[in-house]
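Close look at the chain arrangement
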Amino acid sequence: MPTSARVSTDNLIRYGGEFADVLVERAEGSWLTTEDGRRILDFTSGQMCATLGHGHPAILDAMRDAGDRVVHLFSGFLSRDVTELARELMAILPAPLARAMFLSTGAEANEAALRLAKLHTGGHEVLAFAGSWHGMTAGAAASTYSAGRRGYGPAMPGTMVLPTPNPYRCPIAHCRDRCDLTCLDAGMALADAQSVGAPAAVIAEPILSVGGIVPLPEGYLARLQEHSRERGMLLVLDEAQTALGRVGALFAFERHGVTPDVLTLSKTLGGGLPLSATVTTDAIEGDAAAKGFLHFTSHVSDPLPAAVGRAVLQTVLADELPARAATFGARLRAGLEQLQLRHEPIGDVRGEGLMLGVDLVTDRETRTPAERYGAAVTARCLELGLNVNIVKFPALGSVLRIAPPLTIAPEEIDLGLEILDRALTDCR
Ligand SMILES: Cc1ncc(COP(=O)(O)O)c(C=O)c1O
């Protein structure tokens, strides 16, 4: 949306295209309220973080309580909330994952993961998907292929790309609507050809988000782990968006029967506050520590975000939010599939739990991304009071990302569907 006199941006750096033409004054549950009193249903959970909804009492209480005790410390000091958050996380993660460090953003958690992998393996080569987004710090950005590569100078040496296994848009024009994993084997063969013999890691999202809401096909992750092991690479899973209930399970990797060597958590761990975690095994941590692993930041192990992380974890478990995401995700998905029956541009509906994608196409046979239509639909949704986000890159599609808070009420899901229906019609 173009900015107007209502929103003065003259003193701001434009970091990601246009700003929305509203100033948000309050956010509660699934709703935003603008300064001029408009209400907007938030189908993106903020920046995919607010899985508990906005202003959840458990988060606010944890912030107040931590604020009264301790907010920030010298990075070598620990607080009870940090040691307890680590313990509580390990209680819900499978062995051999055993140790965590707490940082602020997803990019930082991936940066730490890749640095651990490099130190542990002695290599520096890192593979990531063509549709990946792992963050904007140098190492994470070097393994982010969906956007932002041009104009910033050389990426890290040794970064290599794997085809995104999207059955709706097969990256090697081999399959249609299924994936027989040929793209993975072909991608690994190309990586082998490029390798200078210094493998370190493969980093992957279990459901690519910016890549167009692409759940990894059945069997893919297990085969990727086999390939990684054969080459002495660590498997790093980035569950920034997928962890802690969003996909109908605590972690997306559970469905694949694969435990990563390094797991990164971010967005959903802080529920809207900056908190991320890099998690690994005793063996990898022990080796890295022996080699002098250094990843000191100003906010590593900060007490306040850790207290919030504990509140998020406790709420996710006590309120059974994974089950809620499965139930309400099924309702939302059924509604989107109904829309697909009536709206020709909806080529595909996919995703898991409450992380769903609607792939918009100019026609269902060629599957050409309907970029202008998608942009118009999201703008119209916002006018009508619904915030949905679109990813639109020519190679990845024009995909509405739908990820409301896991605490959303069924009537709010139905209202969101109604607004989307109207926007899809109005923009034809
Ligand atoms: C899968 C994934 N990893 C990492 C990041 C980066 O997280 P942050 O923006 O907190 O650095 C994102 C952000 O969108 C993401 O979607």
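Everything that follows concerns the structure shown earlier in this document.
Calculation notes
- Residues numbered from 1 in each chain as written.
- Predicted model: local features only at pLDDT ≥ 70, side-chain atom pairs only at ≥ 80, totals over all residues.
- Heavy atoms only, no water.
- Near = heavy atom within 4 Å.
- Polar contact = N/O pair within 3.5 Å; in protein donor to acceptor, adjacent residues only side chain to side chain.
- Areas by Shrake-Rupley, 256 points an atom, 1.4 Å probe, with all protein chains shown as cover.
- Helix = DSSP H or I, 4+ residues; strand = E, 2+ residues; numbered from the N terminus.
- Nonpolar A, V, L, I, M, F, W, Y, C, P; charged D, E, K, R; others polar.
- Pairing = 2+ DSSP bridges.
- Axes fitted to C-alpha atoms, helices over the stretch in contact; angles between N-to-C directions.
- Contact = heavy atoms within 4.5 Å.
- Parallel < 35°, antiparallel > 145°, perpendicular 65-115°, else oblique.
- Left-handed = near helix turned anticlockwise from the far one by under 90°.

1. Quick word on the site of the ligand
Surrounding the ligand, one finds Thr105, Gly106, Ala107, Asn110, Trp133, His134, Gly135, Glu205, Asp238, Ala240, Gln241 and Lys267. The separation between an oxygen atom of the ligand and a polar side-chain atom of Lys267 is 3.0 Å. Contact with the protein chains removes 83% of the 390 Å² of surface that the ligand exposes when unbound. In terms of residue count, the dominant contributor to the shell around the ligand is helix α4 (residues 106-121) (3 residues). For the shell around the ligand, a count of residues per class yields 3 nonpolar, 6 polar and 3 charged.

2. Let's talk about the sheet that holds strand β14 (residues 355-360)
If you trace the 4 strands from one edge of the open sheet to the other, you get β13-β14-β17-β16, paired in antiparallel fashion. Either end of the sheet is taken by a strand with one partner, and the two such strands are β13 (346-352) and β16 (389-393). Neighbouring strand axes in the sheet, compared pairwise and without regard to direction, differ in orientation by 20° on average. Where β16 and strand β17 (residues 397-402) come together, 5 bridges link them in antiparallel fashion. Bridge pairing links Ile390 to Leu400 in β17. Helix-sheet contacts for helix α12 (residues 371-384) involve β14, β16 and β17, and the interaxial angle to β16 is about 165°.

3. Description of the packing of helix α3 (residues 80-92) against helix α10 (residues 303-318)
Running from N to C, α3 and α10 cross one another at 30°; their axes reach a closest spacing of 8 Å. Comparing their axes, α10 and α3 come out roughly parallel. Seen along the crossing, α3 lies across α10 with a hand that is left-handed. Along its contact with α3, which presents Asp81, Val82, Glu84, Leu85, Glu88, Leu89 and Ile92, the element α10 presents Pro303, Ala306, Ala307, Gly309, Arg310, Leu313, Gln314 and Leu317.

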